[in-house]
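Summary of the model geometry
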Amino acid sequence: MAVKKCPVCGSPVKLENLQRHVRNQHPRSDVDVESLVTKEERREVEGKAAGRRRQRVTPAGLRIVVATIAIVAVVLILILVNPFRGGIGLGSAAPDFTLTTTGGNQVRLSNLQGTVIFLEFMDVDCEYCIAEAQDVLPQVYTAYQSRGVRFLSVDVNFVGAADTDARIEQYKTQYSIPWDHMLDTGRTASAYGVTGTPTTFVLDRSGIVVEIVRGRAQNGYTTYATALDRALS
Amino acid sequence: MVRLSIGDRLMLIASLAAFGAVDAGYLVYEWYTPSTWCDVNDVFSCTKVRESIWSSVAGIPTATVGLVGFAVLLALAVLALRGTDQIGPWTTFRWLLVFAILGAAVGVGLTLVEVFVIHAVCLLCALGFGLDLVILGLAWTLPRADQSASRSE
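Residues numbered from 1 in each chain as written. Chains lettered and ligands numbered in written order. Predicted model: local features only at pLDDT ≥ 70, side-chain atom pairs only at ≥ 80, totals over all residues.

Let's shift gears to the overall build of chain B. A tally of helices and strands in chain B yields five helices and four strands. The helix and strand sequence of chain B, counted from the amino end, reads α-α-β-β-α-β-β-α-α. In chain B, which comprises 153 residues, the share counted as buried stands at 44%. (Helix = DSSP H or I, 4+ residues; strand = E, 2+ residues; numbered from the N terminus. Buried ≥ 20, exposed ≤ 12 C-beta atoms within 10 Å, placed from the backbone.)

Below, the structure is given as structure tokens:
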């Protein structure tokens, strides 16, 4: 970067700005502005300006760019839409399972035919599960347990420290949760396609999935209440 | 074999950086939204990664680093395309290379954490890492391409 001292104030000024600097900052000085920059210096400055060139994109390059954008866009969409997700969908029969509650009782899903089931897959270390256990599920339980809905939670042990019956019991006590919790010792979560917590299934009296809520329910109580009303009707 | 011009490479970098910014931006958005997404199984699970302590630092989602990094790479590529060859002490190409290396370093670190600590891989994070590696590859070739272009002029 070519710099020259201003002949009036002595400050270093870029060559291309020198004449403007003297004209604007020292309008009363008797310096000949035109003679401030020599012909060689002027050529140097103009040469640099010409060298500042826009980079051209060639037609072949543009085709490659478009192809790359298309490929990346397809990959991004595939990840987001996720057609490879396993598990069950709405209208499917809920896979049967037999698990032991933290209280030591065995629960076999197929033995609960004729009962609407609220089946939550959770983890005691999952912050969203804890949040729901505090601000949504107690209301849902209070409103629907008396209407015959059976509440079951399956701890999938996805995150944090290893979950045990003792830890789950501690969790239940801490958040005053009255319904049965079971540790997923088999592949229950996998059979249901559960890959994140909380994931909640509402099953009708025939064991058909009428609602799947992945993550926290968007509308909290209303989401679960609507699904349970549908299952009970 | 098509030989890419400097402009082609910069346009590719800008496009990939734009995708990277969208990807990282979506990850930031999802971090604040309590729902599961981009889960394939127990191993490829964005939810599992998000629920780990590595998904945020001081309450700020880690993906913010990616968002800022890709935005800087995009801005640098656009500036270079418009003819800005020098920013401060370094050439624009050098800045691009430095930020691409930084992004790749962060990407390597977080991918190792995902594989060996969290035992789950977030596909959207992996996509961002992949984009940064391609950008790094392209940025690596820019100074040499610039030299040979100057020689041929």
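Structure's up, so let's keep going.
Turning our eyes to something else, we now look at the packing of helix α3 (residues 59-81) of chain A against helix α1 (residues 6-32) of chain B. How two helices pack is summed up by the angle between their axes together with the distance between the axes. At a closest axis distance of 9 Å, the pairing of α3 of chain A and α1 of chain B adopts a crossing angle of 15 degrees. On the basis of the axis angle, α3 of chain A is roughly parallel to α1 of chain B. Regarding α3 of chain A and α1 of chain B, the two cross each other, and that crossing is right-handed. Along the contact surface, α3 of chain A presents Gly61, Ile64, Val65, Thr68, Ile69, Val72 and Leu76 of chain A, while α1 of chain B presents Gly7, Asp8, Met11, Leu12, Ser15, Leu16, Phe19 and Asp23 of chain B. Here the residues of the contact of α3 of chain A with α1 of chain B sort into nine nonpolar, four polar and two charged. (Axes fitted to C-alpha atoms, helices over the stretch in contact; angles between N-to-C directions. Parallel < 35°, antiparallel > 145°, perpendicular 65-115°, else oblique. Left-handed = near helix turned anticlockwise from the far one by under 90°. Contact = placed C-beta atoms within 7 Å. Nonpolar A, V, L, I, M, F, W, Y, C, P; charged D, E, K, R; others polar.)

On to the sheet that holds strand β5 (residues 117-122) of chain A. Residue and element names in this part refer to chain A. An order of β7-β6-β5-β8-β9 is seen for the five strands of this open sheet, with the pairing classed as mixed. The open sheet is flanked by β7 (180-183) and β9 (209-214), the only strands paired with a single partner. With strand direction ignored, the average angle separating the axes of adjacent strands in the sheet is 20 degrees. Bridge count for strand β8 (residues 199-203) against β9 is five bridges, and the pairing is antiparallel. (Pairing = 2+ DSSP bridges.)

As a further point, take the confidence of the model for chain B. A low pLDDT means the predicted coordinates there should not be read in detail. All names here are of chain B. On average, residues of chain B carry a pLDDT of 86, and 88% of them reach 70 or more. Confidence, read as mean pLDDT per element, is least for helix α2 (residues 46-50) in chain B (76) and greatest for helix α3 (residues 63-81) (94). ipTM for the predicted complex: 0.79, alongside a pTM of 0.59. (pLDDT = per-residue confidence, 0-100.)

All names here are of chain A. Closest axis-to-axis distance for the helix α5 (residues 137-144)/helix α8 (residues 221-232) pair is 9 Å, and the angle between their directions is 30 degrees. Put simply, α5 runs roughly parallel to α8. For the pair α5 and α8, the sense of crossing is right-handed. Only Tyr221, Tyr224, Ala225 and Leu228 of α8 make contact with α5, whose side of the interface consists of Gln139, Val140, Ala143 and Tyr144. Residue classes in the contact of α5 with α8 are distributed as seven nonpolar, one polar and no charged.

With that out of the way, let us pick up unusual backbone geometry. Residue and element names in this part refer to chain B. For Ala58, which is not glycine, the phi torsion reads 50 degrees and is therefore positive. The residue Ala58 is located in the loop between β1 (56-57) and β2 (60-61) in this model. Even without being a glycine, His119 presents a positive backbone phi close to 60 degrees. Note that His119 resides in the loop between α4 (92-118) and α5 (123-152).

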